[in-house]
Each structure stands twice: as structure tokens, then as C-alpha cells.
Amino acid sequence: MQLIERDVPPRAAWALEQAGVHPLLARLFAARGVRQADELDDSPARLLPPDALSGTREAALLLADALAAGQRLCIVADYDCDGATACATALRGLRMLGARAEQLSYVVPDRAVHGYGLTPPIVELVRARRADVLITVDNGMASHEAVDLAHSMGMKVLITDHHLPVIEADGSVNLPHADVIVNPNQPQCRFPSKALVGVGVMFYVLLALRAVLRERGAFEAVSQPRIDSLLDLVALGTIADVGRLDDNNRRLVSLGLKRIRAGRMQPGIAALFAAAGRDPARATSQDFGFSLGPRVNAAGRLAEMGLGIECLATDDPARAETLARHLDAINRERRDLEGGMREQAEMLLEQVMPEGEPPAALALFDPDFHEGVVGIVASRLKDRLHRPTFVFARGQDGLLKGSGRSIPGFHLRDALDLVAKRHPGLLKRFGGHAMAAGCTVAEADFPMFQTALEHIAEAELDASLLQRQLSTDGPLAVHWFTPDTVQALDAAVWGPGFDAPVFCEPVEVINQRLVGERHLKLSLRVQGQVRDGIWFGRTAPLPARAQLAYRVSLDEFQGRQRVQMVVEGAVEA
């Protein structure tokens, strides 16, 4: 590992501090590209306008006409947290804007039976609901056959998605023939926030629909619905889907957090906080990524995502509480299953790296792997080995379903595209993003995929990219090592592209011991102070002196608060 201290532009830090920003936060924000205090303004007026997102006006007109005609709308969701929050946002938002309960329905593919996204079998399920309009959320950009089938059945199709479109061998973009597509990553869309996730796209469609209904006089006798009341769902989906926190996404998340901290949230969000043992009045973006998001995702991994959607869409607090407890139980089962799979994967690693050095990219398969947890295991192995990693499980159709996670400098979806071009027919399906992607291969073709991926990684990843680099914010002054500082840091919005603070400085290890068999509990001397520390998932002892990269957190016990160092990395001093 290499620890690299971030550069802090002194003028930017000074300007932020002069504008009243906390001195430590001013330094941290400046290191992340913030130059002026108004960039930190998270008021709704600073959000990008809906008409900047191509297709929102056309989508709004389609939906407004459908509502006026009493047509039935069916939402096709994805089975992850982004898909669940996008579906719940659509259901809630359309009801707020005049849709009757009997007009609305939704379908979620079963991961094991249907695979990902809008497929012909899913269209058949939509037809069974007698839908006039099929609306996708967080999927649809590669669903050419399914869109054509829906049209042949007399349905209109609105695709709302954020995934990259299909690129043909000649470089042309192949879009499905939907009636309307809303996706910041489609050609010619000039929306500045290409990192908008599926729930964010649906939120913008609802804003545009409200504007069209306002033009048509729908709110002359009644007050205009508050679409911003859905921002708690938008915030959860954005963080859970690891959306890059550009200015617009950061504002969406911040506005959602403010609503939650003020107690103005959906019953399902409140119930998930309770199930996770977290206090919504002190909600942080980390709660979305590590507490709420995994509980919603667990439904799509091991059960049926309808549980997660119902939890987020219901207005009944008692029902939300029951569903949240169910999701919590499924998540505990997911953790147990993941632990066993990780042990199996570790044994497989001995075969692919007999000399202890991993190849440039990893692809693992075991007949006992569970399809619902492959993505999590891939992420854990990627973090440990710092290599692009795919983990496969056998699906019900006998094909291998793989989920991959990548490292900076290696675009995973583009790598799959290159595999498909070099080996036509090898990939049955593929899609995704730079850092996360999925694909399907025949079991007999797995060795070929393994080799093809490794060759592409060898060509594109040099030694510097294969070495894990951790950006840090330098030392934390002694007078900032306080509960107030931790609370100030927790109140800010952190995530991909706007990384949470990681400090770094030399320490003396006074004492170290294992707790829970998997975590290293530490007593450290830092700048003359004795501090508590913990390194989750680390079992190997540290040297007597080391350079530690760490986050700060509050450890609360019997009403007392203590600041502890949560170690992220180390190099020998």
C-alpha cells in the first residue's frame, strides 16, 4: 500500500474559512475541489433543473396524458437498493400527482429466474397486469427485444435509467426503440451530472411531470405536491448505488439527510433506521451505505425485492416496522452466507495465485456459490487484493452469472465489451459501469472468460495501478481529536468522488489484541496521547511503529463518548 497525502490549495481553504466554514472542514473541502462557499449551498434552488435532463419533458407529457386517460402504469424495477428506491419514489410520486391506486402496479425480476432488467418474460408479467404504459426504473438501456415486444402488445414504453447504452462493434450506439428514454448517459444528453443514479432520474421525471400538470391547471384548486418529500429515498438510493458525489448528487443526499434528521421521512426509512439500531436524528451518509442499503439489498439477494419496495412505499408505520424487521433478518442470513462464500473463495485463491501474487484480474467460480452474494464477495476480494474481481455462481438455467468489482484505472464495463468483441458469443449478457459490472457465460466457457479478462487487465494495468493507493488528509491536530470534531465530520456528506476524511500520522503501538476473532483492537500513542483504535477485518499484528491511515469515530459505552481511530491502512514507519 502507498499512502498519498492530498494537496490542499491554500487560497481555497482560506476563502472557505473566511466564509465561516469550520477550519478543519475548510481544509478537507478544499482538498476535494471546493473553491467557494456557495458550492456548499445545498438549497433546492441549487439543484440542476429538470429540463436540463434530456427526455424529461417528453416523459412528463406521456405520463400526464396517461393519467388523464385513466391508463394503467406498470413500473419494472431492478432488484438492488437503487431500483427499490426508484420504484418506491415512482409509486409515491405518481400517487401524489394524481394516479389512483388501481392505475399503479410494479414488477421486479427474480434474480435467479429472470436475470437482470427488462426481458420478454418480464413484459409478459406486465401484460398480465393489463398495463398501458411500461416504465422502467434503473434498467432498460439494453432491452431492445423486450421493448419491441411491449410495443407489439400495444404498450407505450418509458425507460428511465442511468446505465451506459450498448456500443456496437463499429462504435455506434444502439438504443432500444422506446417511446421516451430519460438517461443522463444517452448520446446528446447535456445534463451535467452523469453520475445521477436510477432513483435520481425518476425524481427528475416527477419534477417534470409536476411542471406539466401545473401548466394544465391541475393545482388551481389544490396545493402543489411537494416532490422534495421524496428526497430521503433519493439520498438512500444514491449512496447505496455508490453514485459519485458530484455537486448535484451531494445536494440531493444532503437534502435527504436534512429531512431525515428533522424526522420528516417515509415510514419505511424510519423503520429501517430502527431495525439497524441507528438514530435518524444523527443520520449520516455512511448509514445509507452500511446500514440501510444492505438491508434493502438483502431482499433482492436472498428473497424478493418486493419486500424492500413495500417497506419503502407503505404509509403504514406498523407494516413498515414488520417489513424492516424481516429485511433485517434476511440481512443477517446474507452475512452468514457471505462469510462461508468468502472462506470458499479464499481456498480458490490458492489455485489461481500459487506463488502468493494475484494475477492482474481475478475470476472465481464454485458450484456452491450463491448467486445473490457474488457481488459482495467480489467487492471484498477486490478490496483485499486490489485487483479487478469477478465472482460467478450457477443460475437456475445452468449458466454462470458473474458480478464484478474494479479498481481505479480499469473500466470494467469497457473490459467486458472488449471481451465480447474478441470472443463473439462468449458473453450471453453483460452490462454495468466502470467500477461494477455483471455478465453471463456458459459454464464450459468460464476458463476462456477467465483468461480473456486477465489478458485485458495485463495490457491495461501497469505496476502503479496494481499497487493500492490510499489518499489521506495528513495528520489530525491534537485539538481536533474530540467528539465535536467527529460530529462535525459526520454532519457533512461524504462518498465516492467526495471521500470521507482519512487522516495519517506515525504511531507507536502500545498494545494489540484480537476481538471477535476478526478485528485488531489497538492501544496507540499518537502525538503524545494514548488513543484507542480498531482495524476491522485485520488479524495480522502491526509492527511496534507504523504510519497509520485512519478515520475518526465515536465509541459510545454506558453514556460516555470516546473518540477512536478506525484504521484503514498502514505502512511500516
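Details of the structure are given in the entry above.
Residues numbered from 1 in each chain as written. Predicted model: local features only at pLDDT ≥ 70, side-chain atom pairs only at ≥ 80, totals over all residues. Heavy atoms only, no water.

Draft legend 1. View of the packing of aromatic side chains. Applying the stated criterion across every chain yields a total of 11 aromatic pairs. By way of ring pairs, the aromatic residues Phe 365, Phe 390, Phe 392, Phe 446 and Phe 449 are connected into one cluster. Positioned above the aromatic ring of Phe 498 is the side chain of Arg 250, whose terminal nitrogen or guanidinium carbon lies 4.1 Å from the ring centre. One residue, Arg 531, lies across the ring of Phe 481, its end atom 3.8 Å from the ring centre. (Phe/Tyr/Trp six-rings, centres within 6.5 Å; stacked < 30°, edge-to-face > 60°. Lys NZ or Arg CZ within 6 Å of the ring centre and 35° of its normal.)

Draft legend 2. Focus on the sheet that holds strand E11 (residues 400-405). Here five strands make up an open sheet; going across it, the order is E9-E10-E11-E13-E12 and the pairing mixed. Edge strands, defined here as strands with exactly one partner in the open sheet, are strand E9 (362-365) and strand E12 (429-432). On average, adjacent strands in this sheet sit at an angle of 15 degrees to one another, irrespective of strand direction. Across four bridges, E12 lies against strand E13 (residues 436-441) in antiparallel orientation. Of the residues in E13, the one forming a bridge with Gly 432 is Ala 437. (Pairing = 2+ DSSP bridges. Helix = DSSP H or I, 4+ residues; strand = E, 2+ residues; numbered from the N terminus. Axes fitted to C-alpha atoms, helices over the stretch in contact; angles between N-to-C directions.)

Draft legend 3. Region of interest: the packing of helix H15 (residues 412-422) against helix H16 (residues 446-460). It is at 10 Å that the axes of H15 and H16 come closest, and there the two elements cross at 120 degrees. As summarised for this structure, H15 and H16 are arranged oblique, according to the angle between their axes. Of the two possible hands of crossing, H15 and H16 adopt the one that is right-handed. For the pair formed by H15 and H16, the contact residues are Ala 415, Leu 416, Leu 418, Val 419 and Arg 422 on the first element and Phe 449, Ala 452, Leu 453, Ile 456 and Glu 460 on the second. (Parallel < 35°, antiparallel > 145°, perpendicular 65-115°, else oblique. Left-handed = near helix turned anticlockwise from the far one by under 90°. Contact = heavy atoms within 4.5 Å.)

Draft legend 4. Geometry of empty space enclosed by the protein. Per the stated rule, a full pass over the model turns up one cavity of 30 Å³ or more. Approximately 30 Å³ is the volume found for the largest cavity. For the lining of the largest cavity, a count of residues per class yields four nonpolar, one polar and three charged. (1 Å grid on protein atoms, 1.4 Å probe; cavity = no way out; pocket = protein on both sides within 12 Å on 5 of 7 lines; lining within 4 Å. Points joined across faces, edges and corners; volume = space filled by probe spheres on them. Nonpolar A, V, L, I, M, F, W, Y, C, P; charged D, E, K, R; others polar.)

Draft legend 5. Spatial organisation of the environment of Thr 451. Following the sequence through the fold, Thr 451 ends up in helix H16. Taking the C-alpha atoms as reference points, Thr 451 and Val 419, separated by 32 residues in sequence, lie 10.0 Å from one another.

Draft legend 6. Spotlight on the state of the cysteines. Across all of its chains, the model carries zero disulfides by this definition. Counting only cysteine sulfurs, Cys 311 is the nearest neighbor of Cys 81, a cysteine outside any disulfide, at a range of 10 Å. For Cys 81, a relative accessible area of 1% translates into the label buried. (Disulfide = S-S within 2.5 Å. Buried < 20%, exposed > 50% of the residue type's maximum accessible area, 1.4 Å probe, protein only.)

Draft legend 7. Main features of the side chain of Arg 32. Within the fold, Arg 32 resides in the loop between helix H2 (23-31) and helix H3 (56-68). Within the structure, the side chain of Arg 32 is placed 2.6 Å from the backbone oxygen of Asp 499, a separation counted as a polar contact. (Polar contact = N/O pair within 3.5 Å; in protein donor to acceptor, adjacent residues only side chain to side chain.)

Draft legend 8. Up close: the layout of surface pockets. Approximately 390 Å³ is the volume attributed to the second largest pocket. A per-element tally of the lining of the second largest pocket places helix H7 (residues 198-215) first, with nine residues. A breakdown of the residues in the lining of the second largest pocket according to their chemical character gives 14 nonpolar, one polar and seven charged.

Draft legend 9. Main features of the sheet that holds strand E19 (residues 560-572). Pairing is mixed around the closed barrel formed by five strands, whose spatial order is E15-E16-E17-E19-E18. Each neighbouring strand pair of the sheet contributes to a mean axis angle of 45 degrees, computed without reference to strand direction. Bridge count between strand E16 (residues 519-526) and strand E17 (residues 529-535): seven bridges; the pairing is antiparallel. Within E17, the residue paired with Lys 521 across the bridge is Ile 534.

Draft legend 10. Examining the packing of H7 against helix H8 (residues 231-240) more closely. Where H7 meets H8, the closest approach of the two axes is 8 Å, and the angle between their N-to-C directions is 150 degrees. The angle between H7 and H8 places the two elements in the roughly antiparallel class. Contacts from Val 199, Gly 200 and Phe 203 in H7 reach Leu 231, Leu 233, Val 234, Gly 237 and Thr 238 in H8. By residue class, the composition of the contact of H7 with H8 is five nonpolar, three polar and no charged.

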